[in-house]
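Spelled out from the first residue to the last, the chains are:
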Amino acid sequence: MAGRGNPSFLKNQKAKKRAEKATEKRAARQARNAEKAAAKAAKASGVSPSELEPSDGDASAPPPPDEE
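Draft legend 1. Structural context of the overall build of the protein. The secondary structure content of the protein amounts to two helices and zero strands. Residues classed as buried in the protein amount to 1% of the 68 residues present.

As structure tokens, this is what we get:
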């Protein structure tokens with residue numbers, strides 16, 4: 001009978017890769033959305049988006065909000 005027992009090793013590996021890829025895509029989408037929001041806020045306030053980019057030594061910049 002099909003579908004009985006535990007999934008095979010290869011099926012588990014494929015499922016793990018699929019989950020990792022989804023996590024990467026989600027993180028990339030969040031970064032793009034944060035970038036768009038920063039550009040939109042900069043445009044509304046009249047500041048160029050390059051001025052909003054935190055430099056390497058700027059630790060005072062808040063992290064982007066988590067969205068799901």
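Back to the text.
Draft legend 2. Structural context of helix α1 (residues 9-45). Look at α1: 54 Å from first C-alpha to last across 37 residues, which is about the 54 Å you get at 1.5 Å a residue. Gly-46 sits one or two residues past α1 and shows a positive phi near 85°.

Draft legend 3. Representation of a positive patch on the surface within the structure. Among the surface-exposed residues, Lys-17, Lys-21, Lys-25, Arg-26, Arg-29, Arg-32 and Lys-36 lie close enough to one another that they form a single positively charged patch. Inspection of the secondary structure puts Arg-32 in helix α1.

Analysis parameters
Residues numbered from 1 in each chain as written. Predicted model: local features only at pLDDT ≥ 70, side-chain atom pairs only at ≥ 80, totals over all residues. Heavy atoms only, no water. Helix = DSSP H or I, 4+ residues; strand = E, 2+ residues; numbered from the N terminus. Buried < 20%, exposed > 50% of the residue type's maximum accessible area, 1.4 Å probe, protein only. Expected span 1.5 Å × (residues − 1). Patch = residues over 30% accessible without salt bridge, like charges linked within 9 Å, V, L, I, M, F, W, Y side chains within 5 Å. Areas by Shrake-Rupley, 256 points an atom, 1.4 Å probe, with all protein chains shown as cover. Salt bridge = Lys/Arg side-chain N within 4 Å of Asp/Glu carboxyl O. Lys, Arg positive; Asp, Glu negative; His and termini not counted. Charge placed at Lys NZ, Arg CZ, Asp CG, Glu CD.

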